[in-house]
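Remarks on the overall topology
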Amino acid sequence: MRLLQRLMLSPSRPPIFNQTTVPCSKMKMTDSTDAKIGSADSVSLSHSSSAALNVEEHASTPPSTPRTGFPKQGGQSLSYWLQQVRCDPLLDHRTTTDLPKEVDTVIIGSGISGSLIAKHHLVTWPSKSVAILEAREFCSGATGRNAGHCKPDQWRHFAKFEKAYGQEQAVKIMDNEAETWRALVAYVKANNVDCDLWVGDTLDVPLDEDVATVAREVFERYRDAGGKVDHISVTHDPVEAARVSRLKNAKACYAWKASTLQPWKLTAHIMRENLDNGASLQTYTVAKSITKDVSAARKWNIHTDRGIIACDTVVHATNAYSGALEPSLKGIITPKPHMCNRVVPPRNLSGSRAIQNSYGVLLRDGALFSINPRCSTDGNMMFGGSNPGQKKLDEWSEQGPDRCVDDSLANIELVTKEVRAFVEKGLEGWKDAEFGPGEGFQYSWSGIIGLSADGVPFVGELPDKPGQWVCAGHHGHGMARIFTAAPGLVRLMDGEPWSATGLPDVYQLTPERLARLKNATEVVPKVAIV
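Summary of the structure given here. Since this is a predicted model, take the numbers as computed values, not measurements.

Examining unusual backbone geometry
For Cys-139, which is not glycine, the phi torsion reads 50° and is therefore positive. Take Cys-139: its relative accessible area is 1%, and that puts it in the buried class. In this structure, Arg-374 is a non-glycine residue whose phi angle is positive, near 45°. One can find Arg-374 in the loop between strand 16 (368–372) and strand 17 (381–386). Since its relative accessible area comes to 5%, Arg-374 is described here as buried.

Written out as structure tokens, the structure reads:
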């Protein structure tokens, strides 16, 4: 508890610049932790340096033992998104007072995965009954706790994915994230979803010369492999990068289209559509185990704290918590707490001078600040990502069996102080600003991400469990994957081949993939940091 106490807090849109091209210098990729699972630890310079273009390094410190757990009951921190909707009846909605005795399909989890899978299920089989079970409030897991960013990776992790899975799959992963973002934006616009959607330029900005060099090499490697880069504007001029990004120590700047949004409101819109189409939502219903239905009336029985619900099809859409309910996924999908800070900018960074871009700020050793400025709504800035304080939080979470699923954490100083140091040192105008009451650092909350043992999601049917399907393990990047992964899973459930999903082949849950990963994690989980 002492470590946690030390963690707690004490009382103009830029112009698009011309892309430049230079010859690639030699790049080294560090050795995989385990070649059998295709993991690629990092991409770094060939000379001695701590620079690494590995922005999930701090998100993916491998745990010493396989860990999992059910969603924490009571005492969770409230994200900014959840704070905004405390009067919404969807939070504790139960379509029926009693849990249904049986339905055709049970979807476990009411986040963006579960809600989208239910939507596409209802379109595909309008006559089949669907129940969505949620252990706590509606959409109170990772979707309702993230930093509100939908930023498709368009080059940054290409070299790592190439090392792990080959050039073709690495390019396809980048293409899929762009397709996912377009699908999300198209849905919001076509349905007039009130979710604070912003579409604009996101900026990736390295703040270190070595990191900038690695970034340039990876970008050019991706371009030379045939990756799509025409939509990405690049400057390697530090003066221009600092002017465009408003970050004093910028060494380069990469700009492309991305979005920010209120994720709970998007998911709620989808779920309300599901309810109108006949779905049953059952909040505060903890699924504890799944057994075969010995009566043979249905295939599976879901045992919950409110009784048993029988069904023929089960969908695991619980992401980080998947291993608690499905033993074969323990150590394959690992939960880990992360923090998001909400900051009200000072007056000299408000109004016409407000930040107008979202960011990925690239630091040494693979650390990352993800910034959502909510520049089309209230201007509150959300700082997520894996900043240099994340590893200390990881150390704390290792010290107790339930800490990996503890989303009661709030105002964690070891994480917040890194954000504070960054804005004071690096963000133009911040250090000299005058702060009045209600400005500056307000609050931080926790959420649980689902780390995949090989860095990519699991989409498909569980081996030897016909009728049980999985869409989980999004490795902290679900918003840029789920809008294509969810409909892809439903196509598989409808008997279509994998090729019909349009997803990268490496996302497919196969017996071979699961067996390789399980064997690799019998002693220590090998978390591929991609």
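Next, the rest of the story.
Notes on helix 13 (residues 511–520)
Within helix 13, the full set of buried residues consists of Arg-513, Leu-514, Leu-517 and Ala-520. The buried residues of helix 13 occupy an angular sector of 130° when the element is viewed end-on, so they sit on one face. Buried-residue contacts for helix 13 involve strand 18 (440–452) and strand 19 (458–461).

Regarding the sheet that holds strand 3 (residues 105–108)
Across the sheet, which stays open at both edges, the 6 strands sit in the order 9-4-3-13-20-19 with mixed pairing between neighbours. Across the chains shown, the open sheet's two edge strands, defined by having one partner strand only, are strand 9 (280–282) and strand 19. Strand-to-strand twist of the sheet, defined as the mean angle between neighbouring strand axes without regard to direction, takes the value 15°. Relative to strand 13 (residues 313–316), strand 3 runs parallel, the two sharing 4 bridges. Its bridge partner being in strand 13, Ile-108 is matched across the sheet by His-316.

Some details on the packing of aromatic side chains
In the structure shown here, the tally under the stated rule is 10 aromatic pairs. Geometrically, the ring pair formed by Phe-158 and Tyr-222 is tilted, given 5.1 Å between the ring centres and 50° between the ring planes. Of the two residues, Phe-158 sits in helix 4 (residues 158–165) while Tyr-222 sits in helix 6 (residues 209–224), which places them 64 residues apart along the sequence. Look at Phe-158 and you get buried, because its relative accessible area is 0%. Residue Tyr-222 is classed as buried on the basis of its relative accessible area, which comes to 1%. Judged by centre distance (5.6 Å) and plane angle (50°), the ring pair of Trp-430 and Phe-435 falls under tilted.

Considering the side chain of Asp-394
Mapped onto the secondary structure, Asp-394 falls in helix 10 (residues 390–397). Polar side-chain contacts of Asp-394 include one of 3.4 Å to the side chain of Lys-336.

A word on the packing of helix 5 (residues 167–190) against helix 8 (residues 263–276)
Two elements in contact, helix 5 and helix 8, have axes separated by 12 Å at closest approach and are oriented at 65°. Two packed elements cross with a definite hand, and for helix 5 against helix 8 that hand is left-handed. When helix 5 is examined against helix 8, the residues Leu-184, Tyr-187 and Val-188 are found in contact with a partner set consisting of Leu-266, His-269, Ile-270 and Glu-273. Split into classes, the residues belonging to the contact of helix 5 with helix 8 amount to 5 nonpolar, 1 polar and 1 charged.

A look at the sheet that holds strand 11 (residues 300–304)
In spatial order, the strands read 10-11-12; together these 3 strands make up an open sheet with antiparallel pairing. Pairing within the sheet leaves two strands with one partner each, and these edge strands are strand 10 (287–292) and strand 12 (307–311). Sheet twist, expressed as the mean angle between neighbouring strand axes with direction ignored, is 25°. One ladder, built from 5 bridges, connects strand 10 with strand 11; its direction is antiparallel. Each residue of the ladder has a partner; that of Lys-292, found in strand 11, is Trp-300.

Considering the packing of helix 5 against helix 12 (residues 482–493)
Contact pair helix 5 / helix 12: the axes reach a minimum separation of 7 Å and the direction vectors enclose 90°. Classified by the interaxial angle, the pair formed by helix 5 and helix 12 is roughly perpendicular. Residue-level inspection shows Asn-176, Glu-179, Thr-180, Ala-183, Leu-184 and Tyr-187 of helix 5 in contact with helix 12, the latter providing Ile-482, Phe-483 and Thr-484. Broken down by class, the residue content of the contact of helix 5 with helix 12 amounts to 5 nonpolar, 3 polar and 1 charged.

Quick look at the environment of Asn-277
Looking at the secondary structure, you find Asn-277 in the loop between helix 8 and strand 9. Take Asn-277: its relative accessible area is 47%, and that puts it in the partly exposed class. For the pair Asn-277 and Val-123, spaced 154 residues apart in sequence, the C-alpha separation works out to 9.0 Å.

A look at the pattern of salt bridges
A side chain of one charge can pair with a side chain of the opposite charge when the charged atoms of the two come close. Taken as a whole, this structure holds 27 salt bridges when the rule is applied. Among the ionic pairs, Lys-336 bridges to Asp-394, the shortest N-O distance being 3.4 Å. Note that Lys-336 is positioned in strand 14 (residues 333–344) and Asp-394 in helix 10, a separation of 58 residues in sequence. Accessibility assignment for this pair places Lys-336 and Asp-394 in one class, buried. In this structure, the salt-bridge partner of Glu-439 is Arg-347, at a minimum N-O distance of 3.1 Å. Here Glu-439, found in the loop between helix 11 (413–426) and strand 18, pairs with Arg-347, found in the loop between strand 14 and strand 15 (358–362); they are 92 residues apart in sequence, far enough to count as distant. Here the residues in one salt-bridge network are Glu-102, Asp-104, Arg-298 and Asp-312, joined through shared partners.

Points about helix 3 (residues 112–124)
Here helix 3 contains 13 residues, and its C-alpha end-to-end distance of 18 Å stays within 8% of the 18 Å for a straight helix at 1.5 Å per residue. Most of helix 3 is tucked away: 10 of the 13 residues are buried. For helix 3, the set of buried residues is Ile-112, Ser-113, Gly-114, Ser-115, Leu-116, Ile-117, Ala-118, Lys-119, His-121 and Leu-122.

Reading guide: rules and limits
- Residues numbered from 1 in each chain as written.
- Predicted model: local features only at pLDDT ≥ 70, side-chain atom pairs only at ≥ 80, totals over all residues.
- Heavy atoms only, no water.
- Buried < 20%, exposed > 50% of the residue type's maximum accessible area, 1.4 Å probe, protein only.
- Helix = DSSP H or I, 4+ residues; strand = E, 2+ residues; numbered from the N terminus.
- Arc of directions from axis to C-beta.
- Contact = heavy atoms within 4.5 Å.
- Pairing = 2+ DSSP bridges.
- Axes fitted to C-alpha atoms, helices over the stretch in contact; angles between N-to-C directions.
- Phe/Tyr/Trp six-rings, centres within 6.5 Å; stacked < 30°, edge-to-face > 60°.
- Polar contact = N/O pair within 3.5 Å; in protein donor to acceptor, adjacent residues only side chain to side chain.
- Left-handed = near helix turned anticlockwise from the far one by under 90°.
- Nonpolar A, V, L, I, M, F, W, Y, C, P; charged D, E, K, R; others polar.
- Parallel < 35°, antiparallel > 145°, perpendicular 65-115°, else oblique.
- Salt bridge = Lys/Arg side-chain N within 4 Å of Asp/Glu carboxyl O.
- Expected span 1.5 Å × (residues − 1).

Keep in mind that these numbers describe shape and distance, not what the molecule does.
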